[in-house]
Amino acid sequence: MKPVRPKKFLGQHFLTDLPTARAIADTVDACPDLPILEVGPGMGVMTQYLIPKERPFRVVEIDFESVAYLRKTYPQLEDNIIEDDFLKMHLDRTFGGQPFVLTGNYPYNISSQIFFKMLDNRHLIPCCTGMIQKEVAERLAAAPGCKAYGILSVLVQLWYDVEYLFTVEPGVFNPPPKVQSAVIRMTRNGRTSLPCDERLMKQIVKGTFNQRRKMMRGSLRPVLGSITTERGLQHDWTSFLAQPLLTRRPEQLSVEEFIDLTNAVSAELG
């Protein structure tokens, strides 16, 4: 069967190096007892190393050419190929509500959306591995104080321990991307609930990082204004914004400090 033509509008860069494909597939072994869902298998270069792992395994692919290729090349997958858009799937139906490992050579143009969907379904995804753009991998794994530390870092690290595993060069893809790639693994941490208002924390994190060059007191002021307006309240935040913590920039605050800040804002709102 003819190889699948990579489609730019789907962000397809097919991995061609077999040792790299095997190494990525083996990242799921950190969670050996769970089913596996592979996103965007393309022509199955990783799939061939996931099939022998002898546990429930399904793939989700939106490209009809890739689906046809997979059916022809891996007939044992016939009943386990989901022809759908991962971002629109109801993941609780994938393995009958059972938790699973998420993996794949993720399309770079939607990788952040994939991880936000993972967060929304964290009760189903105790482990997520795969390959993404190196810049995004660095953001996921970044510690406070790093230039790469941002919204995605904080919101993912609330719930997952992130490991940057290894870098992948452009030459092992068809077509070669213009950027380096990296393989990551995210494993659920011990947090079972958030000790603050999650929606409020997201507002604070997103609002302050959107003005990341300012000190927190400057980037937080419009966020607090919109929160009080949204709740139909009036509040003078002058003394609150004078606290020493808010002389720092958002990338200098740890996940725990954002939690504490969220609780302080909640307490101030009464």
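Residues numbered from 1 in each chain as written. Predicted model: local features only at pLDDT ≥ 70, side-chain atom pairs only at ≥ 80, totals over all residues. Heavy atoms only, no water.

Enquirer: Tell me about the state of the cysteines, and please be specific about residues and values.
Expert: Scanning the model with the defined rule gives 0 disulfides in all. Between C127, a cysteine without a disulfide, and C31, which holds the nearest cysteine sulfur, the sulfur-to-sulfur distance is 3.4 Å. Assessed through its relative accessible area of 0%, C127 is described here as buried. (Disulfide = S-S within 2.5 Å. Buried < 20%, exposed > 50% of the residue type's maximum accessible area, 1.4 Å probe, protein only.)

Enquirer: Outline the pattern of salt bridges, listing residues and values.
Expert: Within this structure, the stated rule accounts for 12 salt bridges. One salt bridge in this structure joins R71 and E78, with 3.6 Å as the shortest N-O distance. For E78, a relative accessible area of 38% translates into the label partly exposed. Of the charged contacts, one joins R122 and E198 as a salt bridge, the two residues approaching to 3.3 Å between their closest N and O atoms. One end of the pair, R122, is in the loop between α4 (111–120) and β6 (127–133); the other, E198, is in helix α7 (residues 198–209), and 76 residues separate them in sequence. Given the relative accessible area of 25%, E198 is considered partly exposed. Sharing partners across several salt bridges, the network here consists of D26, D29, K53 and R55. (Salt bridge = Lys/Arg side-chain N within 4 Å of Asp/Glu carboxyl O. Helix = DSSP H or I, 4+ residues; strand = E, 2+ residues; numbered from the N terminus.)

Enquirer: Which residues make up the sheet that holds strand β2 (residues 36–39), and what values do they have?
Expert: Ordered in space as β4-β3-β2-β5-β6-β9-β7, the 7 strands form an open sheet in which the pairing is mixed. On the outer flanks of this sheet lie β4 (81–83) and β7 (160–168), each paired with one strand and no other. Neighbour-to-neighbour, the strand axes of the sheet open up by a mean angle of 20°, direction not taken into account. Here β6 pairs with strand β9 (residues 181–188) via 7 bridges, running antiparallel. Bridge pairing in β9 links T129 to R185. The sheet strands contacting α4 are β2, β5 (101–104), β6, β7 and β9, and the helix crosses β6 at an angle near 165°. Set on the sheet, helix α5 (residues 134–141) makes contact with β6, β7 and β9; between it and β6 the angle comes to about 140°. (Pairing = 2+ DSSP bridges. Axes fitted to C-alpha atoms, helices over the stretch in contact; angles between N-to-C directions. Contact = heavy atoms within 4.5 Å.)

Enquirer: Help me get a handle on the pairing of β6, residues and values and all.
Expert: The buried fraction of β6 amounts to 7 of the 7 residues, a majority that puts the element mostly inside the structure. In this fold, β5 hands off to α4, which returns the chain to β6; that crossover is right-handed. (Right-handed = clockwise from strand over helix to strand, strands pointing away.)

Enquirer: So, the packing of α7 against helix α9 (residues 255–269): which residues are in play, and what are the values?
Expert: Between α7 and α9, whose axes approach to 9 Å, the crossing angle comes to 115°. Classified by the angle their axes make, α7 and α9 are roughly perpendicular. With respect to the hand of their crossing, α7 and α9 are arranged in right-handed fashion. Seen from α7, the contacting residues are L200, M201, I204, V205, T208 and F209; seen from α9, they are V255, F258, I259, L261, T262, V265 and S266. Of the residues assigned to the contact of α7 with α9, the class counts are 10 nonpolar, 3 polar and no charged. (Parallel < 35°, antiparallel > 145°, perpendicular 65-115°, else oblique. Left-handed = near helix turned anticlockwise from the far one by under 90°. Nonpolar A, V, L, I, M, F, W, Y, C, P; charged D, E, K, R; others polar.)

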